[in-house]
Amino acid sequence: NARIQVQTTLGDPVKGTAIVRMAVVDGSSYYFCGLRDNQNGVGRLGSSGALQWFTLLPYTLRQVVALPPSVSVPSGLVAVGKHDSDNDGLSEIGYAWLFTASGSLVSTVLFSSDSSDVWVNGIAAVSDTVFVLVGGERTPTRENPLVAIVTLTAGGQLAKGPQVVLAGLSNSFFVNVALSPAGPSGGEL
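None of these values were measured; they are calculated from a predicted model.

About the cut-offs
All residue numbers here refer to positions counted from 1 along the written sequence of the relevant chain. Thresholds applied to this predicted model are a pLDDT of at least 70 for local features of residues and 80 or more for the giving and counting of side-chain atom pairs; totals over whole chains, interfaces and linings are not thresholded and use all residues. Side-chain metrics rest on all non-hydrogen atoms present in the structure, leaving aside hydrogens and water. The quantity known as pLDDT measures the predictor's confidence residue by residue, on a range of 0 to 100. Per the convention used, a helix needs a DSSP run of H or I reaching at least four residues, while a strand needs a run of E reaching at least two, with both numbered from the N terminus. Strand pairing follows a simple DSSP-based rule, namely that at least 2 bridges must link the two strands. For helices, the axis comes from a line fit to the C-alpha atoms of the stretch in contact; other axes are also lines fit to C-alpha atoms, and the angle between any two N-to-C directions lies between 0 and 180 degrees. Throughout this description, a polar contact denotes any pair of N or O atoms lying within 3.5 Å of each other; where both atoms belong to protein, one of them has to be capable of donating a hydrogen while the other can accept it, and for residues adjacent in sequence the pair is counted only when both atoms sit in side chains. The contact criterion used throughout is that any non-hydrogen atoms of two residues lie within 4.5 Å. One speaks of a salt bridge when a side-chain nitrogen belonging to Lys or Arg is within 4 Å of a carboxyl oxygen belonging to Asp or Glu. Accessible area is worked out with a 1.4 Å probe on protein chains only. A residue is then buried under 20% of its type maximum, exposed over 50%, and partly exposed in between. A residue counts toward a patch only above 30% relative accessible area and without a salt bridge, and it is joined to like-charged neighbours within 9 Å or, for Val, Leu, Ile, Met, Phe, Trp and Tyr, to nonpolar neighbours within 5 Å. For every accessible area listed, the method is Shrake-Rupley and the probe measures 1.4 Å; residues are considered covered only by the protein chains on display.

Draft legend 1. Molecular detail of the confidence of the model for the chain. Per-chain confidence: the chain averages 89 in pLDDT, with 95% of residues scoring 70 or above. Ranking the helices and strands of the chain by mean pLDDT puts strand E8 (residues 105-111) first, with 96, and strand E1 (residues 18-25) last, with 90.

This is the structure in structure tokens:
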């Protein structure tokens, strides 16, 4: 196929490997979340498509956002995901992870509750250091969308901001989040 410019094999060909989501970093390489050799994780591909690093995470990874070089973790990565802690097929805990450009985990934010299941599915950058996360909350009688804010601090850590469960949207949850190119047009979370 003449349209293929670069082709690289990732992982062991007899094991499962899949890139689920990608984000461009520094205009020439890519962060991704997915599977490598049947193991969940996040990684970075160089401009040639070669794997630069892959960090295992024993959770379901959902989305990644590349950070600009001007922030406290230059050209880092924020990934979000969820965990099924009781093996019932439903996630109960949500996470946001912060990685350096070289793949070192530097910060984790946990989304959980002692009275409900809470998980994270998607992330979008509102600014260089503010992110909106979406997912859901489940109790035995209902399921509702969750929206949360996470910030990147000047000290290079993720900090949990306000979060809200949208009780008016019953029996649903959010999977992805997209921001309007026109910018913010409402109130605060």
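Anyway, onward from the coordinates.
Draft legend 2. Local environment of the sheet that holds strand E5 (residues 60-66). If you trace the four strands from one edge of the open sheet to the other, you get E5-E6-E7-E8, paired in antiparallel fashion. The open sheet is flanked by E5 and E8, the only strands paired with a single partner. Taking each pair of neighbouring strands and ignoring which way they run, the sheet shows an average axis angle of 20°. Bridge analysis of strand E6 (residues 77-83) against strand E7 (residues 93-99) gives seven bridges, and the strand direction is antiparallel. Within E7, the position partnered with valine 80 by the bridge is alanine 96.

Draft legend 3. A look at the side chain of glutamate 137. Structurally, glutamate 137 is set in strand E10 (residues 130-138). Separated by 2.9 Å, the side chains of glutamate 137 and arginine 142 make a polar contact. Sequence-distant contacts of glutamate 137, defined by excluding residues within four places in its chain, comprise Ser116, Asp117, Val118, Trp119, Arg142, Glu143, Asn144, Leu146 and Val165.

Draft legend 4. Geometry of the pattern of salt bridges. Tallying each qualifying case throughout the model produces four salt bridges. Between aspartate 117 and arginine 138 there is a salt bridge; the shortest N-O distance is 3.0 Å. Within this pair, whereas aspartate 117 is found in strand E9 (residues 117-125), its partner arginine 138 is found in strand E10, the two being separated by 21 residues in sequence. Residue glutamate 137 is joined to arginine 142 by a salt bridge in which the shortest nitrogen-to-oxygen separation is 2.9 Å. The class of glutamate 137 is buried, set by a relative accessible area of 11%. By relative accessible area, arginine 142 is classed as partly exposed at 32%.

Draft legend 5. Here's a closer look at the pairing of E6. Counting buried positions along E6 yields six of seven residues, so the element is predominantly enclosed. Of the pairings in the sheet, the one linking E5 to E6 comprises six bridges and is antiparallel in character. Residue pairing for E6: threonine 60 is matched across the bridge by lysine 82.

Draft legend 6. Geometry of a nonpolar patch on the surface. Together, Ile19, Met22, Val24 and Tyr30 make up an exposed nonpolar region whose accessible area comes to about 340 Å². If one sorts the elements of the nonpolar patch by residue count, E1 sits on top with three residues. Along the chain, the position of tyrosine 30 falls in strand E2 (residues 29-36).

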